[in-house]
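Overview (structure and organization)
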Amino acid sequence: MQQLFARLTRKKTWMYITLGLFTATLLFVVVWQLPKPQKKVVEVLLAPSDTAEKDSTRAYFESTLHDLGLIAGSIYGTVSISPDKRYLVASAENTLTGAETFYFDFEKKDAESVMQDYFFGVPAFSPNYIAFPYNGLFLKDTTTGDKIKIADNALVPERPMFSPDGLSLLYSTKDGLVLYTLATGEKKNISTNENDKPLYWYNNSRGFIFSRTTDDELYQLVEYTLKDSTEHVFSFVIEGKPTQLRMDQNEKNAFLVTNDGESRFYLYLAFATGELTKVGQEDIYARGTVDYFHETIMKRQDCYAILYSPTGETKTSFALPHADGASCPYATLISANEVLYEVRDVVGASSMYRYEDGKSETLLFERTKEKKDFVFGLSSDRTLITLSRGDHFVFYSL
């Protein structure tokens, strides 16, 4: 003890202590003054971007992953937008973690990481949850931030679909269809056929439609009613595996998309009469050569498009404006008479246009050949589009 006291009373010892405290204080001040990552507060769909003009009816917003408080990187794969246009889900590759999947909340103007990996599936959305079929099936509670696993990977859960009232989640497994009640966590086995796949919830959440294979390897559409737990088999006999069913507003007619492993078929179904009409076909590796929205069908061969009704009546036909040698790798209907499309020139640069009534054209975005290709996301009502170019998101209100 006396030796310690003697050391502390030495002048040189106090000099070392003072120097150490000064160095630590200086280091703390320097670190404190370093620039810190800041999550920018942005007005989504209100702030004009640097890459597009703004007119009286449409608004733009542009952001980077860093702006959203995420790891800087490049958008990869697909972009999904919730039906209510509140949430966006996407994946990005980066040099820090390799990959990251996140969701962006348009109301909170905030982004949150979901997993440090790519997500190639299709998420399902409700007002308070996002369902991810990834290594099983889990729910992300967007209110609390909690993540709940509701099905193991061994069950091969697929195609989650929330009921419109947000109370239930329907999904398929290798053991059949399962109905999950969000409030209680209760699971109800709807069927035991592993090939039963959910396709559509009725707007009033009274029930849903799913596909089922027959003994001769064809497909049926089956209606399930929640109130009395009954099934009704529609009279349609369908060739090819059903993948999408889109009803009209009155839920009396629908477009059904199927594929047989080589081709994708577009079918128009009249539920009242049981009539099935084949309205289009394309190679499964093609993109955007057939599209449908409400009661309009578009068939396209590169930059030439025909719009017609399900009855076969041609509404209009036109060539999408483009220069000689350019191609149109992407096109989609955004209303009964408007097309959103991309033109790629001979050197690899591309532009996005909105073409109305086959007459007037509006330039939306441009991409130079040095920048990465657009990755598209389109809301189900086709009024909001997001495009990414590398680490940039561009949102455009249609």
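Figured I'd write up the structure that's included with this text.

What counts, and where the lines are drawn
- Just so you know, the residues in each chain are numbered from 1, in the order the chain's sequence is written.
- Totals for whole chains, interfaces and linings use every residue, but because this is a predicted model, local features are given only for residues with pLDDT of at least 70 and side-chain atom pairs only at 80 or more, for both listing and counting.
- The side-chain values count all of the structure's non-hydrogen atoms but skip hydrogen atoms and water molecules.
- Numbering goes from the N terminus for both helices and strands, where a helix is a DSSP run of H or I of at least four residues and a strand is a run of E of at least two.
- Partly exposed describes any residue whose relative accessible area lies between the buried limit of under 20% and the exposed limit of over 50%, with all areas from a 1.4 Å probe on protein chains only and scaled to the type maximum.
- Throughout, a residue-residue contact means that at least one pair of heavy atoms, one from each residue, lies within 4.5 Å.
- Each accessible area is a Shrake-Rupley estimate made with a 1.4 Å probe; only the visible protein chains count as cover when residues are assessed.
- The term salt bridge refers to a side-chain nitrogen of Lys or Arg lying within 4 Å of a carboxyl oxygen of Asp or Glu.
- Should DSSP find at least two bridges between two strands, the strands are regarded as paired.
- The angle between two axes is taken between their N-to-C directions and runs from 0 to 180 degrees, where each axis is a line fitted to C-alpha atoms and a helix contributes only its stretch in contact.
- What counts as a ring pair is set by centres within 6.5 Å for rings of Phe, Tyr and Trp (its six-membered ring), and what kind of pair is set by the plane angle: stacked under 30 degrees, edge-to-face over 60, tilted for all other angles.
- Should the NZ of a Lys or the CZ of an Arg lie within 6 Å of a ring centre and within 35 degrees of the ring normal, that charge is described as sitting over the ring.
- Buriedness for pockets is judged along seven lines, at least five of which must meet protein on both sides within 12 Å for an open set on the 1 Å grid over protein atoms alone, while cavities are sets there where a 1.4 Å probe fits but cannot get out, and lining residues have an atom within 4 Å of a point.
- Grid points are joined across faces, edges and corners, and a volume is the space filled by probe spheres set on the points.
- Polarity classes work like this: nonpolar for Ala, Val, Leu, Ile, Met, Phe, Trp, Tyr, Cys and Pro, charged for Asp, Glu, Lys and Arg, and polar for all others, with Gly in that last group.
- Put simply, a disulfide is two cysteine sulfurs that come within 2.5 Å.

**What to know about the overall build of the protein chain**
Scanning the protein chain from N- to C-terminus turns up two helices and 32 strands. Here the protein chain holds 398 residues, and 46% of them are scored as buried. Taking contacts inside the protein chain between residues at least 6 apart in sequence as the whole, the part at least 24 apart equals 34%. A total accessible area of about 21,000 Å² is found for the protein chain, and carbon and sulfur atoms account for 52% of it.

**Details of the pattern of salt bridges**
Within this structure, the stated rule accounts for 14 salt bridges. Salt-bridge contacts for Arg-344 lead to Glu-342; the nearest nitrogen and oxygen are separated by 3.3 Å. Among the residues examined, Arg-344 registers a relative accessible area of 24% and is labelled partly exposed. Accessibility expressed as a relative area gives 1% for Glu-342, which makes it buried. One salt bridge in this structure joins Arg-354 and Glu-356, with 3.6 Å as the shortest N-O distance. By sharing partners, the salt bridges in this structure join Arg-86, Asp-105 and Glu-107 into a single network.

**Observations concerning the pairing of strand 9 (residues 147-151)**
Pairing of strand 8 (residues 137-141) with strand 9 involves four bridges; the strand directions are antiparallel. Bridge pairing in strand 9 places Leu-137 opposite Ala-151. Hairpin remark: strand 8 followed by strand 9, antiparallel, with five residues in the connecting loop; positive phi at Gly-145, about 85°.

**Quick notes on the sheet that holds strand 22 (residues 290-293)**
Either a parallel or an antiparallel arrangement is found when strands of a sheet pair, and the pairing is made through backbone hydrogen bonds. The antiparallel open sheet is built from four strands, whose spatial order is 22-23-24-25. Every other strand in the sheet has two partners, leaving strand 22 and strand 25 (314-319) as the edge strands with one partner each. Neighbouring strand axes in the sheet, compared pairwise and without regard to direction, differ in orientation by 15° on average. Here strand 22 runs beside strand 23 (residues 296-301); their pairing, made up of four bridges, is antiparallel.

**Some thoughts on the packing of aromatic side chains**
Going through the model one piece at a time under the given rule, you end up with 21 aromatic pairs. Residues Tyr-76 and Phe-120 carry aromatic rings whose centres are separated by 6.1 Å and whose planes lie at 75° to one another, so their mutual orientation is edge-to-face. Of this pair, Tyr-76 sits in strand 2 (residues 74-81) while Phe-120 sits in the loop between strand 5 (110-115) and strand 6 (124-125), and the two are 44 residues apart along the sequence. Relative accessible area serves as the criterion here: at 37%, Tyr-76 is assigned to the partly exposed category. Residue class for Phe-120 comes out exposed when judged on its relative accessible area of 59%. A centroid spacing of 4.7 Å and a plane angle of 35° characterise the contact between Phe-255 and Tyr-292, whose relative ring orientation is tilted. Placement of the pair is Phe-255 in strand 19 (residues 253-259) and Tyr-292 in strand 22, with a sequence separation of 37 residues. Among the aromatic residues, those joined into a ring-pair cluster are Trp-201, Phe-208, Phe-210 and Tyr-224. Over the face of the ring belonging to Phe-138 we find Lys-147, whose NZ or CZ atom lies 4.8 Å from the ring centre.

**Focus on empty space enclosed by the protein**
In total, this model carries one cavity of 30 Å³ or more according to the counting rule given. Volume-wise, the largest cavity comes out at about 40 Å³. Considering the residues around the largest cavity, the lining is formed by Thr-78, Ser-80, Val-89, Ala-90, Ser-91, Phe-119, Gly-121 and Pro-123. Among the secondary structure elements, those contributing two or more residues to the lining of the largest cavity are strand 2 and strand 3 (87-94). The leading source of residues in the lining of the largest cavity is strand 3, at three residues. Residues of the lining of the largest cavity, tallied by class, amount to four nonpolar, four polar and no charged.

**Considering the state of the cysteines**
Counting across every chain of the model gives one disulfide. A disulfide bridge connects Cys-303 with Cys-328, and the sulfur atoms are separated by 1.9 Å. Since a negative S-S torsion denotes a left-handed disulfide, the Cys-303-Cys-328 link at about 100° is right-handed. In this pair, Cys-303 is assigned in the loop between strand 23 and strand 24 (304-308) and Cys-328 in strand 26 (residues 327-333), connecting sequence segments 25 residues apart. A residue is classified by how much of its surface remains accessible, and Cys-303, at 4% relative accessible area, is buried.

**What about the pairing of strand 25?**
Consecutive residues of a regular strand have side chains that alternate between opposite faces of the sheet. One ladder, built from five bridges, connects strand 24 with strand 25; its direction is antiparallel. Following the sheet pairing, Ala-305 is matched in strand 25 by Phe-318. From the end of strand 24 to the start of strand 25, which pair antiparallel, there are five residues, and Gly-312 there has a positive phi angle of about 100°.

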